[in-house]
Amino acid sequence: MPLFHPTKSGVSVTVRVTPRAGKTAIAGVGEDVLLVKLAAGPVDGAGKEALVALLTAAFQIPKRDVVIVSGVRSRIKRVELAGASAARMAEQLAARLAS
């Protein structure tokens, strides 16, 4: 199964979040899941804000184009990246993980 799934407005990706990690970073790819570590905890929306900030920086897309579609209160989230293509997101992720 692909990591990035095309949608009407862009692509969606399933993200597994590890809150209160040492630093905020993309940790890798699991079984059809993007693994993300966040330094912020799941308190007062800090974790969600950190996730959106990380994804906007990693995939070079505007903050307004990143929407948490489901799993807002869960470690496993479905995130929509509007205006993005699956191929471009896969290339950017591969480049980021390789460095």
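Refer to the structure above for everything that follows.
Residues numbered from 1 in each chain as written. Predicted model: local features only at pLDDT ≥ 70, side-chain atom pairs only at ≥ 80, totals over all residues. Heavy atoms only, no water.

Enquirer: Summarise the overall build of the protein chain; cite the residues concerned and give the values.
Expert: In terms of regular secondary structure, the protein chain is built from two helices and six strands. Reading the secondary structure of the protein chain in the N-to-C direction produces β-β-β-β-α-β-β-α. Against the compact-globule benchmark of 13 Å for 99 residues, the protein chain has a radius of gyration of 12 Å, which places it among compact chains. Taken over the C-alpha atoms alone, the protein chain extends approximately 30 × 30 × 25 Å along its principal axes. When each of the 99 residues of the protein chain is scored for burial, the buried share is 40%. Taking the contacts inside the protein chain whose residues are at least 6 apart along the sequence as the reference set, 45% of them involve residues at least 24 apart. Only carbon and sulfur atoms are counted for the fraction: they give 54% of the accessible area of the protein chain, which is about 5,600 Å². Each charge class in the protein chain was averaged separately, 14 positive and 7 negative side chains, and the resulting centres sit 5 Å apart. (Helix = DSSP H or I, 4+ residues; strand = E, 2+ residues; numbered from the N terminus. Rg over C-alpha atoms; globule rule 2.2 N^0.38 Å. Buried < 20%, exposed > 50% of the residue type's maximum accessible area, 1.4 Å probe, protein only. Contact = heavy atoms within 4.5 Å. Areas by Shrake-Rupley, 256 points an atom, 1.4 Å probe, with all protein chains shown as cover. Lys, Arg positive; Asp, Glu negative; His and termini not counted. Charge placed at Lys NZ, Arg CZ, Asp CG, Glu CD.)

Enquirer: Tell me about the packing of aromatic side chains, and name the residues and values.
Expert: Under the counting rule described, the total for this entry stands at one aromatic pair. Note on Phe 4 and Phe 59: the rings are 5.8 Å apart at their centroids and 90° apart in plane angle, and the pair reads as edge-to-face. Of this pair, Phe 4 sits in strand S1 (residues 4-6) while Phe 59 sits in helix H1 (residues 46-59), placing them 55 residues apart in sequence. The class for Phe 4 is buried, based on a relative accessible area of 6%. (Phe/Tyr/Trp six-rings, centres within 6.5 Å; stacked < 30°, edge-to-face > 60°.)

Enquirer: With reference to specific residues and values, describe H1.
Expert: Taking 1.5 Å of rise per residue, 14 residues should cover 20 Å, and H1 covers 20 Å from first to last C-alpha, within 8% of that figure. Those residues of H1 lying buried are Gly 47, Ala 50, Leu 51, Val 52, Leu 54, Leu 55, Thr 56, Ala 58 and Phe 59. Trailing H1 by a residue or two, Gln 60 shows a phi angle of about 50°, which is positive. (Expected span 1.5 Å × (residues − 1).)

Enquirer: Pulling in residues and values, what's your account of the nonpolar core?
Expert: Membership of the largest hydrophobic core comes to 25 residues, with the highest contact counts inside it found for Phe 4, Leu 34, Leu 51, Phe 59, Val 79 and Leu 81. Of all elements in the fold, only strand S2 (10-18), strand S4 (34-37), H1, strand S5 (66-70), strand S6 (76-82) and helix H2 (86-98) reach the threshold of two or more residues within this core. If you tally residues by element for this core, the top one is H1, at seven residues. What Leu 81 contacts, discounting residues up to four positions off in sequence, is Phe 4, Ser 9, Gly 10, Val 11, Val 13, Phe 59, Ile 61, Asp 65, Val 66 and Met 89. (Core = buried A, V, L, I, M, F, W, Y, C linked by side-chain atoms within 4.5 Å.)

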